[in-house]
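One-letter residues, chain by chain:
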Amino acid sequence: MRILGIETSCDETAASVVALGDGEPQILSSVVLSQIEEHAAFGGVVPEIAARAHVEALDGIVEAALADAGTSLAEIDAVAATAGPGLVGGLIVGLMTAKAIAAAAHKPLIAVNHLEGHALTARLTDGLSFPYLLLLVSGGHTQILLVRGVGDYQRWATTIDDALGEAFDKTAKMLGLPYPGGPSVEKAAASGDASRFAFPRPMKGEARPDFSFSGLKTAVRQAATAIAPLSDQDVADICASFQTAVSDALGDRVARTLARFRGKYPDVKTPALVVAGGVAANKTIRATLEALCRDNGFAFVAPPHALCTDNAAMIAWAGIERVRAGLVEPDAMDFVPRSRWPLDSVSAPVVGSGRRGAKA
């Protein structure tokens, strides 16, 4: 089975071909074009600019992915595309392109939830068995999901305000650091004093396992304003203190879900926590989570960085998983892009997630 995957949910234009035969799955190609330069001047992603960039680049990206894989559309078994959640302009570009390719090549179309791509990547890279926990920490999402099977997910925790990656980006912007904020904050924090500022650890100690980062972001702004103008060392100390506060809060939240998993699945010999999303690359956060897993008898699984951030290989693989599970929609050509598309459609929206509910 060979599937062409297309990903355009935010600011990466991506295409990939993934194959599965009798042995291990193979990523035959994975082409990702980042739009960081287009958005850097604005300190964040501008949806209209992102959508136009996808229009300009996607055809060439798909051609490159097919060429790198040494395959043609005739040899592809299906086309999988991200249909949500994400920026609706980008989703329209990717999904409509996938529909056109599928119709012209007479191939099935698979509409994929972007979060399902992240949720199943560990099965592509590590052959992980169900069930396991997924911590997704990115610019748009911060949540913990129980992954019970393909199409079978239960949300155990989510943010009630900002996503963690968003908090990093906004902190960087307040401190005059370049976009994207995550790597900039981490770089500055390396030379900072993490004990200088006593920032709050949001939600730490609370019974509910959800996340909150807006109060921490406010505390950073107040600290920066109080000592302005900021020296380079001030910025480094604020970044280090912020990063430590985030790691402590994240560790506390995740520890509760590890204990819950142990109680729910006592017979799972080697339980696993999968961490995905761009924020998973932060070394301080990663060290905290690795230690937490080690202390609680969990395997720490983090796919390679290129497969943690947005990519099309995870979308193609999710398409393969859905085909194997018999979950391909027969009327996928009529699928409408969804800016909000929770993996767990049963759990009620949390307080603070907005009138229409959580984004995911």
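Relevant structure appears above.
Quick notes on the rules
Residues numbered from 1 in each chain as written. Predicted model: local features only at pLDDT ≥ 70, side-chain atom pairs only at ≥ 80, totals over all residues. Heavy atoms only, no water. Helix = DSSP H or I, 4+ residues; strand = E, 2+ residues; numbered from the N terminus. Rg over C-alpha atoms; globule rule 2.2 N^0.38 Å. Buried < 20%, exposed > 50% of the residue type's maximum accessible area, 1.4 Å probe, protein only. Contact = heavy atoms within 4.5 Å. Areas by Shrake-Rupley, 256 points an atom, 1.4 Å probe, with all protein chains shown as cover. Lys, Arg positive; Asp, Glu negative; His and termini not counted. Charge placed at Lys NZ, Arg CZ, Asp CG, Glu CD. Patch = residues over 30% accessible without salt bridge, like charges linked within 9 Å, V, L, I, M, F, W, Y side chains within 5 Å. Salt bridge = Lys/Arg side-chain N within 4 Å of Asp/Glu carboxyl O. Polar contact = N/O pair within 3.5 Å; in protein donor to acceptor, adjacent residues only side chain to side chain. Phe/Tyr/Trp six-rings, centres within 6.5 Å; stacked < 30°, edge-to-face > 60°. Lys NZ or Arg CZ within 6 Å of the ring centre and 35° of its normal. 1 Å grid on protein atoms, 1.4 Å probe; cavity = no way out; pocket = protein on both sides within 12 Å on 5 of 7 lines; lining within 4 Å. Points joined across faces, edges and corners; volume = space filled by probe spheres on them. Nonpolar A, V, L, I, M, F, W, Y, C, P; charged D, E, K, R; others polar.

(A) Quick peek at the overall build of the chain. Each helix and strand in the chain was counted, giving 11 helices and 10 strands. Expected size for 360 residues packed as a compact globule is a radius of gyration near 21 Å; at 20 Å, the chain falls within 12% of this value. On the principal axes, the C-alpha backbone points of the chain span a range of 65 × 50 × 40 Å. Across the 360 residues that make up the chain, the buried fraction comes to 54%. Considering only contacts within the chain whose residues lie at least 6 apart along the sequence, 73% involve residues at least 24 apart. Carbon and sulfur atoms make up 52% of the accessible area of the chain, which amounts to about 15000 Å² in all. The positive charge centre, built from 32 side chains, and the negative charge centre, built from 39, are 7 Å apart in the chain.

(B) Main features of a nonpolar patch on the surface. Residues Met1, Val323 and Val328 make up a contiguous nonpolar surface patch of about 180 Å² in total accessible area. Topologically, Val323 is positioned in helix H11 (residues 313–324).

(C) Molecular detail of the pattern of salt bridges. All chains considered together, the criterion is met by 12 salt bridges. Where Glu116 meets Arg322, a salt bridge forms, and the shortest distance between an N and an O atom there is 2.8 Å. Within this pair, whereas Glu116 is found in helix H4 (residues 114–125), its partner Arg322 is found in helix H11, the two being separated by 206 residues in sequence. There is no split in this pair, since Glu116 and Arg322 are both buried. Across the salt bridge formed by Lys170 and Glu166, the nearest N and O atoms sit 2.7 Å from each other. Of this pair, Lys170 and Glu166 both sit in helix H5 (residues 164–174), four residues apart, roughly one helical turn. For Lys170, a relative accessible area of 32% gives the class partly exposed. Overall, the relative accessible area of 23% leaves Glu166 in the partly exposed class. Each member of the salt-bridge network shares a partner with another, and the members are Arg123, Glu321 and Arg324.

(D) Main features of the environment of His114. Assignment of secondary structure puts His114 in helix H4. What makes His114 buried here is its relative accessible area of 4%. Residues His114 and Ala100, 14 residues apart in the sequence, show an inter-C-alpha distance of 20 Å. Contact partners of His114, with chain neighbours within four places excluded, come to Glu7, Ser9, Thr82, Gly84, Pro85, Asp310, Met314 and Ile315. A polar side-chain atom of His114 sits 3.2 Å from a polar atom in the side chain of His118.

(E) View of the packing of aromatic side chains. Under the definition given, this model contains seven aromatic pairs. Here the aromatic rings of Phe130 and Tyr132 are separated by 5.9 Å at their centres, their planes lie at 10 degrees, and the arrangement is stacked. Residue classification places Phe130 among the partly exposed positions, given a relative accessible area of 27%. Among the residues examined, Tyr132 registers a relative accessible area of 0% and is labelled buried. Put simply, the rings of Phe261, Tyr265 and Phe298 pair up and form one aromatic cluster. The lysine or arginine in question, Arg260, covers the ring of Trp156, its NZ or CZ lying 4.0 Å from the ring centre.

(F) The arrangement of the layout of surface pockets in detail. The space that makes up the second largest pocket amounts to roughly 350 Å³. With five residues, the top contributor of residues to the lining of the second largest pocket is strand E5 (residues 109–113). Here the lining of the second largest pocket is built from residues that sort into 12 nonpolar, three polar and six charged.

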